[in-house]
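One letter stands for each residue in the lines below.
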Amino acid sequence: MAESDFSSVTMPPHAWADIDLKAVQHNFLLAKSHLTSPLCRACAVVKSNAYGHGVQPVVAALDQVMDANDQFAVVSWQEASVVKEVVPHRRVLVMRGPVSADEMSAILAGGMDWVIHSRYQLDLLLDCIAADPSGVKSALVKSEARLWIKINTGMNRLGMPIKDARAVLAALSELPFILPLGLMSHLATADDLGDTLTEIQFLAFQQAETELVLPEYTLKTMAASAGILSWPQLHMDMVRPGIMLYGATPMMGRVGPDEGLRPVMNLKSRLVAINHVRAGDSIGYGATYVSEHDMRVGVIGLGYGDGYPRHAPNGTRTLVATEQGVITAPLAGRVSMDMLTVDLSHDQSAKPGDEVLLWGQAWGHDLPANEIADAAGTIPYELFCRLTQRVPRRYIRS
(Lines give C-alpha, C1' and ligand atoms only; values in the text may rest on other atoms or scores of the structure.)
Protein backbone atom coordinates (compact mmCIF):
# COMPACT_ATOMS: atom_id res chain seq x y z
CA MET A 1 0.00 0.00 0.00
CA ALA A 2 1.33 3.40 -0.95
CA GLU A 3 2.23 5.80 1.82
CA SER A 4 -0.64 8.26 2.45
CA ASP A 5 -0.39 12.02 2.64
CA PHE A 6 -2.81 12.49 5.54
CA SER A 7 -2.71 16.28 5.25
CA SER A 8 -4.52 16.07 1.91
CA VAL A 9 -7.23 13.65 3.07
CA THR A 10 -10.67 15.18 3.79
CA MET A 11 -13.25 13.18 5.70
CA PRO A 12 -16.75 14.18 6.75
CA PRO A 13 -16.87 14.99 10.48
CA HIS A 14 -18.68 12.83 13.01
CA ALA A 15 -20.08 16.03 14.55
CA TRP A 16 -20.32 19.63 13.39
CA ALA A 17 -22.11 22.89 14.10
CA ASP A 18 -23.93 24.81 11.41
CA ILE A 19 -23.66 28.51 12.34
CA ASP A 20 -26.48 30.52 10.78
CA LEU A 21 -25.17 34.07 10.28
CA LYS A 22 -28.53 35.28 8.99
CA ALA A 23 -30.01 34.18 12.30
CA VAL A 24 -27.52 36.24 14.32
CA GLN A 25 -28.41 39.27 12.20
CA HIS A 26 -32.11 38.62 12.80
CA ASN A 27 -31.56 38.35 16.55
CA PHE A 28 -29.60 41.61 16.66
CA LEU A 29 -32.34 43.44 14.78
CA LEU A 30 -34.93 41.87 17.08
CA ALA A 31 -33.03 43.26 20.08
CA LYS A 32 -33.02 46.69 18.43
CA SER A 33 -36.77 46.46 17.82
CA HIS A 34 -37.36 46.22 21.58
CA LEU A 35 -35.62 49.52 22.31
CA THR A 36 -37.74 52.32 23.69
CA SER A 37 -35.77 55.11 21.98
CA PRO A 38 -34.33 55.37 18.46
CA LEU A 39 -31.31 57.08 20.04
CA CYS A 40 -30.45 54.03 22.15
CA ARG A 41 -27.41 52.24 20.76
CA ALA A 42 -26.71 48.51 20.87
CA CYS A 43 -23.41 47.04 22.02
CA ALA A 44 -23.22 43.45 20.74
CA VAL A 45 -21.41 41.20 23.21
CA VAL A 46 -19.03 38.87 21.36
CA LYS A 47 -16.76 37.77 24.22
CA SER A 48 -15.53 34.19 24.56
CA ASN A 49 -15.20 33.75 20.79
CA ALA A 50 -18.75 35.05 20.28
CA TYR A 51 -20.04 32.58 22.88
CA GLY A 52 -18.30 29.74 21.04
CA HIS A 53 -19.76 30.59 17.63
CA GLY A 54 -16.61 32.10 16.07
CA VAL A 55 -15.97 35.78 16.68
CA GLN A 56 -14.67 36.83 13.27
CA PRO A 57 -17.56 35.64 11.08
CA VAL A 58 -20.13 36.70 13.70
CA VAL A 59 -18.67 40.22 13.98
CA ALA A 60 -18.52 40.58 10.20
CA ALA A 61 -22.17 39.52 9.89
CA LEU A 62 -23.37 41.84 12.65
CA ASP A 63 -21.47 44.78 11.21
CA GLN A 64 -23.65 44.55 8.08
CA VAL A 65 -26.85 45.31 10.03
CA MET A 66 -25.54 47.74 12.65
CA ASP A 67 -26.31 51.45 12.81
CA ALA A 68 -23.46 53.94 12.89
CA ASN A 69 -23.41 54.26 16.70
CA ASP A 70 -23.68 50.54 17.45
CA GLN A 71 -20.58 48.75 18.70
CA PHE A 72 -19.11 45.56 20.14
CA ALA A 73 -18.12 44.43 23.63
CA VAL A 74 -15.57 41.87 24.82
CA VAL A 75 -13.79 41.17 28.11
CA SER A 76 -10.09 41.68 27.43
CA TRP A 77 -7.72 43.62 25.21
CA GLN A 78 -6.75 40.39 23.47
CA GLU A 79 -10.36 39.81 22.43
CA ALA A 80 -10.80 43.46 21.45
CA SER A 81 -7.77 43.37 19.17
CA VAL A 82 -9.29 40.46 17.21
CA VAL A 83 -12.57 42.35 16.76
CA LYS A 84 -10.73 45.51 15.70
CA GLU A 85 -8.96 43.55 12.94
CA VAL A 86 -12.35 42.64 11.47
CA VAL A 87 -14.13 45.98 11.98
CA PRO A 88 -11.52 48.71 12.57
CA HIS A 89 -14.23 51.36 12.11
CA ARG A 90 -16.33 50.10 15.04
CA ARG A 91 -16.01 51.00 18.70
CA VAL A 92 -15.06 48.07 20.92
CA LEU A 93 -15.70 48.07 24.67
CA VAL A 94 -13.32 46.17 26.98
CA MET A 95 -15.76 45.29 29.76
CA ARG A 96 -13.30 44.03 32.38
CA GLY A 97 -11.00 46.96 31.77
CA PRO A 98 -7.21 46.89 32.09
CA VAL A 99 -5.63 44.79 34.82
CA SER A 100 -2.01 45.85 34.20
CA ALA A 101 -0.01 48.83 32.99
CA ASP A 102 0.75 47.06 29.72
CA GLU A 103 -2.91 46.36 29.06
CA MET A 104 -3.80 49.94 29.93
CA SER A 105 -1.27 51.20 27.39
CA ALA A 106 -2.55 48.81 24.73
CA ILE A 107 -6.18 49.82 25.28
CA LEU A 108 -5.34 53.51 25.02
CA ALA A 109 -3.17 53.03 21.93
CA GLY A 110 -5.88 50.91 20.31
CA GLY A 111 -8.55 53.55 20.82
CA MET A 112 -10.81 51.13 22.67
CA ASP A 113 -13.61 52.01 25.06
CA TRP A 114 -13.03 50.52 28.49
CA VAL A 115 -14.55 50.01 31.91
CA ILE A 116 -13.11 51.24 35.17
CA HIS A 117 -14.55 49.24 38.06
CA SER A 118 -11.82 49.68 40.69
CA ARG A 119 -9.71 52.55 41.99
CA TYR A 120 -6.42 50.87 40.98
CA GLN A 121 -7.39 51.22 37.33
CA LEU A 122 -7.46 54.99 37.74
CA ASP A 123 -3.83 54.78 38.86
CA LEU A 124 -3.00 52.79 35.72
CA LEU A 125 -4.52 55.55 33.59
CA LEU A 126 -2.78 58.37 35.45
CA ASP A 127 0.56 56.57 35.29
CA CYS A 128 0.22 56.17 31.51
CA ILE A 129 -0.62 59.85 31.14
CA ALA A 130 2.33 60.86 33.32
CA ALA A 131 4.71 58.70 31.26
CA ASP A 132 3.56 60.07 27.89
CA PRO A 133 1.10 62.96 28.33
CA SER A 134 1.09 64.18 24.74
CA GLY A 135 0.93 60.65 23.29
CA VAL A 136 -1.97 59.56 25.49
CA LYS A 137 -3.83 62.82 24.88
CA SER A 138 -3.36 62.52 21.13
CA ALA A 139 -4.56 58.90 21.10
CA LEU A 140 -7.64 59.62 23.23
CA VAL A 141 -8.64 62.77 21.38
CA LYS A 142 -8.24 61.05 18.01
CA SER A 143 -10.20 57.92 18.98
CA GLU A 144 -12.78 59.62 21.24
CA ALA A 145 -12.55 56.48 23.37
CA ARG A 146 -15.19 56.34 26.09
CA LEU A 147 -14.44 55.46 29.70
CA TRP A 148 -17.30 53.64 31.40
CA ILE A 149 -17.44 54.00 35.18
CA LYS A 150 -18.96 50.83 36.58
CA ILE A 151 -20.79 51.10 39.88
CA ASN A 152 -22.02 48.35 42.14
CA THR A 153 -25.79 48.46 42.55
CA GLY A 154 -26.25 45.01 44.08
CA MET A 155 -24.56 42.46 41.83
CA ASN A 156 -21.51 42.56 44.14
CA ARG A 157 -19.11 41.36 41.49
CA LEU A 158 -17.38 44.17 39.60
CA GLY A 159 -18.27 47.79 40.30
CA MET A 160 -17.28 50.67 42.57
CA PRO A 161 -19.16 52.11 45.52
CA ILE A 162 -20.40 55.67 45.02
CA LYS A 163 -17.57 57.23 47.05
CA ASP A 164 -14.94 55.64 44.80
CA ALA A 165 -16.80 56.68 41.67
CA ARG A 166 -16.92 60.23 43.00
CA ALA A 167 -13.13 60.20 43.52
CA VAL A 168 -12.57 58.85 39.99
CA LEU A 169 -14.74 61.59 38.51
CA ALA A 170 -12.84 64.22 40.48
CA ALA A 171 -9.50 62.93 39.16
CA LEU A 172 -10.79 62.79 35.58
CA SER A 173 -11.99 66.39 35.83
CA GLU A 174 -8.36 67.45 36.39
CA LEU A 175 -7.17 65.99 33.08
CA PRO A 176 -6.03 68.50 30.43
CA PHE A 177 -8.55 67.07 27.94
CA ILE A 178 -12.16 65.86 27.90
CA LEU A 179 -12.64 62.12 28.17
CA PRO A 180 -16.09 60.90 27.05
CA LEU A 181 -17.74 59.08 29.94
CA GLY A 182 -20.35 56.44 30.61
CA LEU A 183 -22.03 55.15 33.76
CA MET A 184 -22.64 51.41 33.89
CA SER A 185 -23.98 48.71 36.14
CA HIS A 186 -24.95 45.07 35.70
CA LEU A 187 -28.18 43.29 36.70
CA ALA A 188 -28.09 40.13 38.80
CA THR A 189 -31.63 38.73 38.49
CA ALA A 190 -33.21 40.39 35.45
CA ASP A 191 -33.99 36.91 34.09
CA ASP A 192 -36.46 36.34 36.95
CA LEU A 193 -39.48 38.66 36.76
CA GLY A 194 -40.57 37.56 40.23
CA ASP A 195 -37.38 38.82 41.91
CA THR A 196 -37.33 42.37 43.29
CA LEU A 197 -33.54 42.87 43.11
CA THR A 198 -33.72 44.40 39.62
CA GLU A 199 -35.97 47.20 40.87
CA ILE A 200 -33.65 47.72 43.84
CA GLN A 201 -30.65 47.96 41.50
CA PHE A 202 -32.47 50.44 39.27
CA LEU A 203 -33.21 52.68 42.26
CA ALA A 204 -29.56 52.42 43.34
CA PHE A 205 -28.46 53.44 39.85
CA GLN A 206 -30.81 56.43 39.87
CA GLN A 207 -29.44 57.44 43.26
CA ALA A 208 -25.90 57.27 41.89
CA GLU A 209 -26.92 59.50 38.99
CA THR A 210 -28.23 62.03 41.50
CA GLU A 211 -25.22 61.92 43.82
CA LEU A 212 -22.51 61.97 41.18
CA VAL A 213 -21.77 65.15 39.28
CA LEU A 214 -21.88 63.71 35.76
CA PRO A 215 -21.10 65.69 32.62
CA GLU A 216 -24.05 66.11 30.25
CA TYR A 217 -22.39 63.91 27.63
CA THR A 218 -22.31 60.88 29.98
CA LEU A 219 -24.06 57.80 28.54
CA LYS A 220 -25.76 55.23 30.76
CA THR A 221 -26.28 51.48 30.47
CA MET A 222 -27.67 48.67 32.62
CA ALA A 223 -29.57 46.29 30.35
CA ALA A 224 -28.16 43.13 28.81
CA SER A 225 -30.37 40.53 27.08
CA ALA A 226 -32.83 40.05 29.94
CA GLY A 227 -33.10 43.80 30.44
CA ILE A 228 -33.77 44.30 26.73
CA LEU A 229 -36.52 41.69 26.66
CA SER A 230 -38.30 42.42 29.92
CA TRP A 231 -37.24 45.73 31.49
CA PRO A 232 -37.81 48.55 28.98
CA GLN A 233 -37.35 51.21 31.67
CA LEU A 234 -33.70 50.13 31.87
CA HIS A 235 -32.79 50.59 28.21
CA MET A 236 -31.27 54.06 28.82
CA ASP A 237 -28.62 55.16 26.28
CA MET A 238 -27.13 51.77 25.42
CA VAL A 239 -28.03 48.10 25.76
CA ARG A 240 -25.72 45.10 25.66
CA PRO A 241 -27.35 42.11 23.90
CA GLY A 242 -25.45 38.91 24.58
CA ILE A 243 -27.08 35.48 24.78
CA MET A 244 -30.10 36.60 22.76
CA LEU A 245 -27.85 37.26 19.77
CA TYR A 246 -27.19 33.53 19.62
CA GLY A 247 -30.83 32.46 19.73
CA ALA A 248 -31.29 31.52 23.39
CA THR A 249 -33.26 33.45 25.97
CA PRO A 250 -32.02 34.34 29.46
CA MET A 251 -35.59 34.44 30.80
CA MET A 252 -36.53 31.71 33.25
CA GLY A 253 -39.08 29.18 32.01
CA ARG A 254 -38.81 30.24 28.36
CA VAL A 255 -36.98 29.10 25.24
CA GLY A 256 -35.54 31.14 22.39
CA PRO A 257 -38.44 30.72 19.94
CA ASP A 258 -40.80 32.12 22.61
CA GLU A 259 -39.02 35.46 22.14
CA GLY A 260 -38.93 35.28 18.36
CA LEU A 261 -35.22 34.40 18.42
CA ARG A 262 -33.66 32.11 15.86
CA PRO A 263 -31.02 29.54 16.84
CA VAL A 264 -27.59 30.37 15.46
CA MET A 265 -25.69 27.24 16.48
CA ASN A 266 -27.24 24.04 15.14
CA LEU A 267 -25.23 21.16 16.60
CA LYS A 268 -25.36 17.98 14.56
CA SER A 269 -23.89 14.49 14.43
CA ARG A 270 -24.67 11.12 12.91
CA LEU A 271 -25.79 7.71 14.00
CA VAL A 272 -22.68 5.52 13.90
CA ALA A 273 -24.29 2.26 15.04
CA ILE A 274 -27.62 0.67 15.92
CA ASN A 275 -27.72 -2.12 18.47
CA HIS A 276 -30.41 -4.37 19.93
CA VAL A 277 -30.70 -4.68 23.70
CA ARG A 278 -32.87 -7.13 25.59
CA ALA A 279 -35.17 -6.31 28.48
CA GLY A 280 -33.14 -6.18 31.69
CA ASP A 281 -29.86 -5.28 29.97
CA SER A 282 -28.01 -2.12 30.99
CA ILE A 283 -26.60 0.52 28.67
CA GLY A 284 -23.45 2.60 29.09
CA TYR A 285 -20.99 3.41 31.86
CA GLY A 286 -22.11 2.70 35.39
CA ALA A 287 -25.02 0.58 34.12
CA THR A 288 -27.24 3.48 35.14
CA TYR A 289 -29.87 2.74 32.50
CA VAL A 290 -31.63 -0.63 32.49
CA SER A 291 -34.00 -1.41 29.64
CA GLU A 292 -37.54 -2.29 30.65
CA HIS A 293 -38.17 -3.95 27.26
CA ASP A 294 -36.33 -5.08 24.18
CA MET A 295 -34.81 -1.95 22.65
CA ARG A 296 -33.33 -0.66 19.46
CA VAL A 297 -30.45 1.58 20.59
CA GLY A 298 -28.78 4.21 18.44
CA VAL A 299 -25.21 5.33 19.01
CA ILE A 300 -24.45 8.96 18.11
CA GLY A 301 -20.89 10.05 17.27
CA LEU A 302 -20.61 12.88 19.79
CA GLY A 303 -20.09 13.20 23.54
CA TYR A 304 -18.72 15.38 26.31
CA GLY A 305 -15.36 15.47 24.52
CA ASP A 306 -17.16 17.55 21.92
CA GLY A 307 -18.90 19.72 24.49
CA TYR A 308 -22.20 17.94 24.97
CA PRO A 309 -23.08 18.13 28.69
CA ARG A 310 -22.06 14.96 30.51
CA HIS A 311 -24.86 15.37 33.03
CA ALA A 312 -27.65 15.40 30.47
CA PRO A 313 -30.08 12.86 31.92
CA ASN A 314 -31.92 9.96 30.39
CA GLY A 315 -34.83 11.24 28.34
CA THR A 316 -33.05 14.37 27.03
CA ARG A 317 -34.25 14.79 23.47
CA THR A 318 -32.32 14.43 20.25
CA LEU A 319 -33.86 14.55 16.76
CA VAL A 320 -32.94 12.08 14.02
CA ALA A 321 -33.61 12.72 10.33
CA THR A 322 -34.64 9.38 8.83
CA GLU A 323 -35.85 8.55 5.34
CA GLN A 324 -39.39 8.49 6.69
CA GLY A 325 -39.21 11.75 8.63
CA VAL A 326 -37.78 13.37 11.74
CA ILE A 327 -38.13 11.37 14.95
CA THR A 328 -37.41 12.04 18.61
CA ALA A 329 -34.72 9.83 20.14
CA PRO A 330 -34.26 10.35 23.91
CA LEU A 331 -30.96 9.68 25.66
CA ALA A 332 -30.69 6.22 27.21
CA GLY A 333 -27.54 5.77 29.25
CA ARG A 334 -24.75 7.97 30.51
CA VAL A 335 -23.08 10.45 28.15
CA SER A 336 -19.62 9.22 27.14
CA MET A 337 -16.64 11.26 25.91
CA ASP A 338 -17.26 10.42 22.25
CA MET A 339 -20.74 8.88 22.08
CA LEU A 340 -24.36 9.13 23.14
CA THR A 341 -26.84 6.27 23.23
CA VAL A 342 -30.49 6.91 22.39
CA ASP A 343 -33.73 4.96 22.44
CA LEU A 344 -34.95 4.06 18.94
CA SER A 345 -37.51 1.51 20.15
CA HIS A 346 -40.43 3.22 18.46
CA ASP A 347 -38.74 3.58 15.07
CA GLN A 348 -37.47 1.03 12.60
CA SER A 349 -36.36 3.42 9.86
CA ALA A 350 -33.27 5.02 11.44
CA LYS A 351 -29.96 3.67 10.19
CA PRO A 352 -26.24 4.41 10.58
CA GLY A 353 -25.31 7.61 8.78
CA ASP A 354 -28.58 9.42 9.54
CA GLU A 355 -28.06 12.97 10.77
CA VAL A 356 -28.91 13.90 14.35
CA LEU A 357 -29.70 17.32 15.85
CA LEU A 358 -28.46 17.86 19.41
CA TRP A 359 -29.68 21.46 19.76
CA GLY A 360 -30.73 24.21 17.40
CA GLN A 361 -32.96 23.94 14.35
CA ALA A 362 -32.99 21.64 11.32
CA TRP A 363 -35.42 20.05 8.88
CA GLY A 364 -38.16 22.43 10.02
CA HIS A 365 -37.89 21.33 13.68
CA ASP A 366 -36.69 23.20 16.78
CA LEU A 367 -34.67 21.70 19.62
CA PRO A 368 -33.95 24.78 21.75
CA ALA A 369 -30.61 25.01 23.53
CA ASN A 370 -32.57 26.28 26.55
CA GLU A 371 -34.33 22.90 26.72
CA ILE A 372 -31.10 20.90 26.65
CA ALA A 373 -29.48 23.23 29.18
CA ASP A 374 -32.43 22.95 31.57
CA ALA A 375 -32.32 19.16 31.33
CA ALA A 376 -28.59 19.12 32.12
CA GLY A 377 -28.87 21.60 34.99
CA THR A 378 -26.92 24.33 33.25
CA ILE A 379 -27.50 27.34 30.96
CA PRO A 380 -27.23 27.74 27.18
CA TYR A 381 -24.27 30.11 27.64
CA GLU A 382 -22.25 27.15 28.90
CA LEU A 383 -23.42 24.82 26.14
CA PHE A 384 -22.25 27.25 23.47
CA CYS A 385 -18.96 28.22 25.12
CA ARG A 386 -17.94 24.66 25.93
CA LEU A 387 -18.33 23.31 22.41
CA THR A 388 -14.81 22.13 21.69
CA GLN A 389 -12.58 22.77 18.70
CA ARG A 390 -13.00 19.11 17.72
CA VAL A 391 -16.37 20.21 16.36
CA PRO A 392 -15.91 22.18 13.10
CA ARG A 393 -18.13 25.22 12.55
CA ARG A 394 -19.77 25.52 9.14
CA TYR A 395 -20.91 29.07 8.41
CA ILE A 396 -24.20 29.56 6.58
CA ARG A 397 -24.73 33.01 5.08
CA SER A 398 -27.99 32.61 3.22
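Everything numeric in this text was worked out from a predicted model, so none of it was measured.

Rules of the game
Residues numbered from 1 in each chain as written. Predicted model: local features only at pLDDT ≥ 70, side-chain atom pairs only at ≥ 80, totals over all residues. Heavy atoms only, no water. Helix = DSSP H or I, 4+ residues; strand = E, 2+ residues; numbered from the N terminus. Polar contact = N/O pair within 3.5 Å; in protein donor to acceptor, adjacent residues only side chain to side chain. Contact = heavy atoms within 4.5 Å. Buried < 20%, exposed > 50% of the residue type's maximum accessible area, 1.4 Å probe, protein only. Axes fitted to C-alpha atoms, helices over the stretch in contact; angles between N-to-C directions. Parallel < 35°, antiparallel > 145°, perpendicular 65-115°, else oblique. Left-handed = near helix turned anticlockwise from the far one by under 90°. Nonpolar A, V, L, I, M, F, W, Y, C, P; charged D, E, K, R; others polar. Pairing = 2+ DSSP bridges.

### Here's the deal with the side chain of Ser 349
Step number 1: Of note, Ser 349 is situated in the loop between strand E16 (340-343) and strand E17 (355-362).
Step number 2: A distance of 2.7 Å separates the side chain of Ser 349 from the side chain of Asp 347, its partner in a polar contact.
Step number 3: Apart from the residues within four sequence positions on either side, Ser 349 is in contact with Arg 296, Thr 322, Gln 324 and Asp 354.

### Regarding the environment of Glu 209
Step number 1: In this fold, Glu 209 is placed in helix H9 (residues 197-211).
Step number 2: When its relative accessible area of 26% is taken as the criterion, Glu 209 is described as partly exposed.
Step number 3: For the pair Glu 209 and Ile 162, spaced 47 residues apart in sequence, the C-alpha to C-alpha distance is 9.7 Å.

### Structural notes on the packing of helix H6 (residues 119-131) against helix H8 (residues 162-173)
Step number 1: Orientation of H6 relative to H8, taken along the N-to-C sense of each, is 10°, at an axis distance of 10 Å. The angle between H6 and H8 places the two elements in the roughly parallel class. Like other packed secondary-structure pairs, H6 and H8 cross with a definite hand, here left-handed. Contacts from Arg 119, Leu 122 and Leu 125 in H6 reach Asp 164, Ala 167, Val 168, Ala 171 and Leu 172 in H8.
Step number 2: When its residues are assigned to classes, the contact of H6 with H8 shows six nonpolar, no polar and two charged.

### Here's the deal with the pairing of strand E2 (residues 41-45)
Step number 1: Where burial is concerned, most of E2 is hidden: five out of the five residues are buried.
Step number 2: Across the two faces of E2 the burial is the same, with Arg 41, Cys 43 and Val 45 and Ala 42 and Ala 44 all buried.
Step number 3: Pairing of E2 with strand E9 (residues 238-239) involves two bridges; the strand directions are parallel. What sits directly across from Arg 41, in E9, is Met 238.

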